[in-house]
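Chains, contacts and geometry: an overview
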Amino acid sequence: MSKRVLILSASPRKGGNSDLLCDQFARGAEEAGHQVEKIRVQEQKIAPCLACYGCRGTGVCVQKDDMAAILNKMVQADVLVLATPVYFYSMDGQLKTLIDRTLPRYTEIRDKEVYFIATAAAGRGAMERTMDAMRGFTDCLPGAQVKGAIYGSGVYQKGEVLETKALQEAYQAGKRA
């Protein structure tokens, strides 16, 4: 059965290491017959949450930017992929801002299969805080199931991930989605 796969690539660098892993995941998912959309978060206009709670009861954020359309896609997707480089032992600001802005409708992002992709210059152990933070978000989504996590460790320069086993892992995860 074909699934709707939404990849949220938070890499600020187009063709950066986590972005390249997203492309591999997408390739695998497309070959498996799924409908895939990749959003480069850096290219979207997403302001930080104001914590004004203007969305309470309406499900609509008071800010008029690209987040409303992304949120619709998140609600409609069957599979979500959250991808980020690791900066100072955490996800980058682009992904965190997007996650915070799901507040108006996060309870509607239900029953999703979720995959995590993270890349870092450091080793796998240094990436656990980032993976935990992404798990924390999915813990708030009703019925979400984390199906996999791809660790692109030991990569710093753009493209270094192409020489790692994470490339094949991302592709295989997409095939299994």
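This text gives an overview of the structure that appears in the document. Everything numeric in this text was worked out from a predicted model, so none of it was measured. (Residues numbered from 1 in each chain as written. Predicted model: local features only at pLDDT ≥ 70, side-chain atom pairs only at ≥ 80, totals over all residues. Heavy atoms only, no water.)

1. Side note on the overall build of the protein chain
Summing up its helical and strand segments, the protein chain has five helices and six strands in all. Counting from the amino terminus, the protein chain carries its helices and strands in the arrangement β-α-β-α-β-β-α-β-α-β-α. Rg of the C-alpha trace for the protein chain: 15 Å, near the compact-globule value of 16 Å for 177 residues, within the 12% margin. Each of the three principal axes of the protein chain carries a C-alpha extent, and together these read 50 × 40 × 25 Å. For the protein chain, with 177 residues in total, the buried portion stands at 47%. (Helix = DSSP H or I, 4+ residues; strand = E, 2+ residues; numbered from the N terminus. Rg over C-alpha atoms; globule rule 2.2 N^0.38 Å. Buried < 20%, exposed > 50% of the residue type's maximum accessible area, 1.4 Å probe, protein only.)

2. Some words on the pairing of strand β2 (residues 35-40)
As defined by bridge partners, strand β1 (residues 4-9) adjoins β2 across six bridges and the pair is classed as parallel. Looking at β2, one finds that Val5 is bridged to Val36. With helix α1 (residues 17-31) bridging β1 and the parallel β2, this β-α-β connection has right-handed handedness. (Pairing = 2+ DSSP bridges. Right-handed = clockwise from strand over helix to strand, strands pointing away.)

3. Some points on the pairing of β1
Judged by how many residues are buried, β1 sits mostly within the fold: five of six residues are covered. Strand direction decides the pairing type here: β1 and strand β3 (residues 79-87), joined by five bridges, are parallel. Opposite Ile7, over in β3, you have Val81 as the bridge partner.

4. A closer look at the side chain of Asp92
Tracing the backbone through its elements, the reader meets Asp92 in the loop between β4 (90-91) and α3 (93-100). Lacking a salt bridge, the buried Asp92 has Arg40 as its closest oppositely charged neighbour, with an N-O distance of 8.4 Å. Side-chain polar atoms of Asp92 contact the backbone nitrogen of Leu95, separated by 3.1 Å. Not counting residues within four places of it along the chain, the set of residues in contact with Asp92 comprises Ala10, Ser11, Pro12, Thr84, Pro85 and Tyr87. (Lys, Arg positive; Asp, Glu negative; His and termini not counted. Salt bridge = Lys/Arg side-chain N within 4 Å of Asp/Glu carboxyl O. Polar contact = N/O pair within 3.5 Å; in protein donor to acceptor, adjacent residues only side chain to side chain. Contact = heavy atoms within 4.5 Å.)

5. Digging into the packing of aromatic side chains
Summed over all chains, the structure comprises one aromatic pair. For the cation-ring pair, Arg124 lies above Tyr151, with the distance from its terminal atom to the ring centre recorded as 3.7 Å. One cation-aromatic arrangement involves Arg129 over Tyr89; the distance from NZ or CZ to the ring centre is 5.0 Å. (Phe/Tyr/Trp six-rings, centres within 6.5 Å; stacked < 30°, edge-to-face > 60°. Lys NZ or Arg CZ within 6 Å of the ring centre and 35° of its normal.)

6. Notes on the nonpolar core
Among the nonpolar cores identified, the biggest contains 30 residues, and Leu8, Ile70, Met74, Leu82 and Leu98 are the most heavily contacted of them. Of all the secondary structure elements, the ones that give two or more residues to this core are β1, α2 (67-76), β3, α3, β5 (113-120) and α4 (128-139). In terms of residue count, the dominant contributor to this core is α2 (five residues). Contacts of Met74, omitting those with residues within four sequence positions, involve Leu6, Leu8, Met67, Leu80, Leu98, Thr102, Ile109, Lys112 and Phe137. One finds Ala29, Ala83, Tyr115 and Ala170 within the second-largest nonpolar core, a separate group that totals 21 residues. (Core = buried A, V, L, I, M, F, W, Y, C linked by side-chain atoms within 4.5 Å.)

The analysis is restricted to geometry; functional conclusions fall outside its scope.
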